[in-house]
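So the chains spell out like this:
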Amino acid sequence: MASLATAEACDSNAALIASGDVRCLQPIFQIYGQCRAFSGPIVTLKVFEDSVLVREQLETRGDGRVLVIDGGGSMRCALVGGNLVVLAQNMGWAGIVVNGCVRDVDEINGCDIGVRALASHPQKSNKKGIGEKHVPIHFAGTLIRDGEWLYADSDGILVSKTELSV
């Protein structure tokens, strides 16, 4: 899949931005992982301080998709750690975006995958299996739906109702 520069995508899709078909996430995310730019169809999860559904999803074939996790913005524990990012890389996920924290940053930064999160936190999450899969989520000023497309690079993150052409 060809990389799409988010700044160029904004410049060339002003009408789609005006209509809300392309949306920019607020610039609140830190960049982790070796893959600075990534894109793909979105799979959504909504969890709170619980990583069981995250692991279950990442154990499935990624096929170039991006896992977008609404962790409620919690800064009390990490939803994704090095083991899950290695799993995601091995299962073919293009990237992970977390409205929450990650841990094992050095391990994550050694992986050839894109990861965005609010911050890092050393404490692991709960393991109760509570949450929702494939539901609309809202964070960083944007509604994000399962099946939409995400584009991330060093300039920021875009969500589009459809795949954008390079």
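Being a predicted model, the structure only gives us computed values, none of them experimental.

**Describing the pattern of salt bridges**
- Within this structure, the stated rule accounts for eight salt bridges.
- Put simply, D21 and K161 hold a salt bridge, and the shortest N to O gap is 3.4 Å. Of this pair, D21 sits in the loop between helix 2 (14-19) and strand 1 (22-24) while K161 sits in the segment after strand 12 (156-160), and the two are 140 residues apart along the sequence.
- By relative accessible area, D21 is classed as partly exposed at 24%.
- Accessibility expressed as a relative area gives 43% for K161, which makes it partly exposed.
- When the shortest N-O distance is used, the salt bridge between K133 and E56 registers 3.4 Å. Residue K133 is located in strand 8 (residues 132-133), and its partner E56 is located in helix 3 (residues 52-58); the two are separated by 77 residues in the primary sequence.
- Judged by relative accessible area, which is 38%, E56 ranks as partly exposed.

**Quick notes on the environment of H138**
- Its place among the elements puts H138 in strand 9 (residues 137-139).
- Remark: the alpha-carbon pair of H138 and L4, spanning 134 residues in sequence, is separated by 23 Å.
- Contact partners of H138, with chain neighbours within four places excluded, come to D70 and L143.

Cut-offs and rules
Residues numbered from 1 in each chain as written. Predicted model: local features only at pLDDT ≥ 70, side-chain atom pairs only at ≥ 80, totals over all residues. Heavy atoms only, no water. Salt bridge = Lys/Arg side-chain N within 4 Å of Asp/Glu carboxyl O. Helix = DSSP H or I, 4+ residues; strand = E, 2+ residues; numbered from the N terminus. Buried < 20%, exposed > 50% of the residue type's maximum accessible area, 1.4 Å probe, protein only. Contact = heavy atoms within 4.5 Å.

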